Amino acid sequence: MGIAVQSLSKSFGDHQVLRDISFSINKGETTVLLGSSGAGKSTLLRMLNLLESPDQGTLNIANMEFTFHKGQKPSPSSASAKACQLRRKVGMVFQQYHLWPHMTVLANLMEAPVQQGISKAEARDKAIGLLERMGLPDKANAWPSSLSGGQQQRVAIARALMLSPEVLLFDEPTAALDPAITNQVVEIINELQASGITMVVVTHEVDFARKIASRVVYLENGEIVEEGTAERFTAPQTSAFKSYLQH
Amino acid sequence: MGLTALFAEATVMTLGLALSSLALGLFMAIAFSLAELSRFKPLALATSTVVAILRGLPEILVVFFIYFGSTHAIFLLTDEFIEVSPFIAGTIALSLIYSAYASQTLRGAFMAVPKGQAEAAVALGISRFHCFFRIILPQTWRHALPGLGNQWLVLLKDTALVALIGVHDLLLQAKMTAASTYEPFTWYGIAALIYLAITLVSQNILERMKSRSNRHLTSSHSTTEPPVEKAVSHSEATA
């Protein structure tokens, strides 16, 4: 099993961002979380990596279970150690890439694995292999600021892949990229899917979603309105999703 | 001892005082700035108060207070008369003054590092401690360096204040030589030239540090790291 989420809820102050969210994702699937801005899809994605903690609910991911109860905060130290474990199995790619500008591309890739005890030589070999796979073999010693947006996003994907995650999360990976570059990301995601990694992608771009999804979850106002296989793109079951697809 | 040797010794004293105050001051400045940014409000408030007091007092008063005040305080507490060495008292006073100003520069610099930088590290399972020293602090450095460099020059010249509590520094040496030779123009002039030389060298070093801290924005590739070897090296390919 890949990911199972049960009755997750989250509020920021008085504003409830997510209401009673439950879904499950099989291993190796590429699931798209679709919805307009403010639907709660990014918050939901960030919860899968515990960058946000739910107010209540259960989260099963990469064979680890986290339970949250209302009004009860998990003890910070144990939670963060376990959260740290989780994040080594669940990678994340951000909309704004968040590469570390003071480090070369190679150093960006090597930082996490070396800190986690992998030898420098091994991390370096792996980094060079991944850069080649991402079509950036000559950028190892480049500074991130000298790369284009698309190149930076590919470096960010390579950086997340350095830990060989079981699950890879993408938060609006193409929102800052032009359509031609978006297709490069599509190719990479489809190649990764062929390699068997479970992916969850947040986007509001329907075309991009169609090209990568094997499953789709459509959210509106913090609730799941429709979910199913990629066939839902051609045969939506709810009028809300149908009208969203026509935008 | 010749005058040259005396002046050399006094210069070393001034530099030693300035550099040890810088080291201690930077350490305290990082602590102050983090305390002020702390989510634990009483700590943030207490630190802000200390910084406000230090910035509100004349430097010479802080020096006197630490030197004479600490001896008095120890006497009141233990009934013993223990004299604090002028060098140590001077270092503490100067580093407190430096840290009060530098902490404000650092606080601004910490806030200038985008939140996403730490988030990316957390998302990769990097520990908070490691993230602070490897991801956040180096980026803070770039933003803080111009301000810290300025405050270093101020600190360097503030060392002259500790001549008044008897540290045998460059100013005290110039004063003594001027008095004994009746040639104040010459000897204060020489002291001035030495201070100027130190600041000019400092500025040069600071410039280099600044361009190093900006190298990732001004060049496209790192020149300090060896180039990555391709899978097939040229010698093999042409052999």
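Predicted model, so just to flag it, every value in this text is computed and none were measured. (Residues numbered from 1 in each chain as written. Chains lettered and ligands numbered in written order. Predicted model: local features only at pLDDT ≥ 70, side-chain atom pairs only at ≥ 80, totals over all residues.)

Draft legend 1. Looking closely at the overall build of chain A. For chain A, the count of helices and strands is eight helices and ten strands. Oriented by its inertia axes, the alpha-carbon framework of chain A measures out at about 50 × 45 × 30 Å. For chain A, contacts bridging at least 24 residues in sequence account for 65% of all contacts bridging at least 6. (Helix = DSSP H or I, 4+ residues; strand = E, 2+ residues; numbered from the N terminus. Contact = placed C-beta atoms within 7 Å.)

Draft legend 2. Layout of the interface of chain B and chain A. In this assembly, 24 residues from chain B lie in contact with 26 residues from chain A. When residues of the side of chain B that touches chain A are traced back to their parent elements, those giving at least two are helix H5 (115–123), helix H6 (128–158) and helix H9 (215–218) of chain B. Top element by residues in the side of chain B that touches chain A is H5(B). It accounts for six residues. Grouping the constituent residues of the side of chain B that touches chain A by class yields ten nonpolar, eleven polar and three charged. (Nonpolar A, V, L, I, M, F, W, Y, C, P; charged D, E, K, R; others polar.)

Draft legend 3. Summary view of the sheet that holds strand S2 (residues 15–25) of chain A. Residues and elements named next belong to chain A. Spatially, the four strands line up as an open sheet ordered S2-S1-S4-S5, and their pairing is antiparallel. Of all the strands in the sheet, just S2 and strand S5 (64–68) have a single pairing partner and so form its edges. Each strand of the sheet is rotated relative to its neighbour by a mean of 15°, with strand direction disregarded. In terms of strand pairing, strand S1 (residues 3–12) meets S2 through seven bridges, oriented antiparallel. Residue Phe-12 lies in a different strand from S2, and its bridge partner there is His-15. Lying on the sheet, helix H1 (residues 41–48) is in contact with S1, S2 and strand S4 (56–61); it crosses S2 at an angle near 60°. (Pairing = 2+ DSSP bridges. Axes fitted to C-alpha atoms, helices over the stretch in contact; angles between N-to-C directions.)

Draft legend 4. View of the nonpolar core. If you look at the biggest cluster of nonpolar residues, it comprises 79 residues, and the most contacted ones within it are Leu33(A), Val93(A) and Leu169(A). Composition of this core by domain shows at least three residues from each of domain 1 (26–51 + 168–247) and domain 2 (98–165) of chain A. Counting 42 residues, the second largest nonpolar core, distinct from the first, contains Val62(B), Val63(B), Leu96(B) and Leu171(B). (Core = buried A, V, L, I, M, F, W, Y, C linked by C-beta atoms within 7 Å. Buried ≥ 20, exposed ≤ 12 C-beta atoms within 10 Å, placed from the backbone. Domains from an automatic or database assignment.)

Draft legend 5. Representation of helix H4 (residues 120–133) of chain A in the model. All names here are of chain A. For H4, spanning 14 residues, the distance from its first C-alpha to its last is 20 Å, which sits close to the expected 20 Å at 1.5 Å a residue. Here H4 has its buried residues at Ala-123, Ala-127 and Leu-131. Buried positions in H4, seen along its axis, are confined to an arc of 70° and lie on one side of it. More than 90 degrees from the buried face of H4, the exposed residues found are Ala-121, Glu-122 and Asp-125. A positive backbone phi angle near 75° is found at Gly-135, which sits one or two residues after H4. (Expected span 1.5 Å × (residues − 1). Arc of directions from axis to C-beta.)

In short, shape yes, function no, at least from these values alone.
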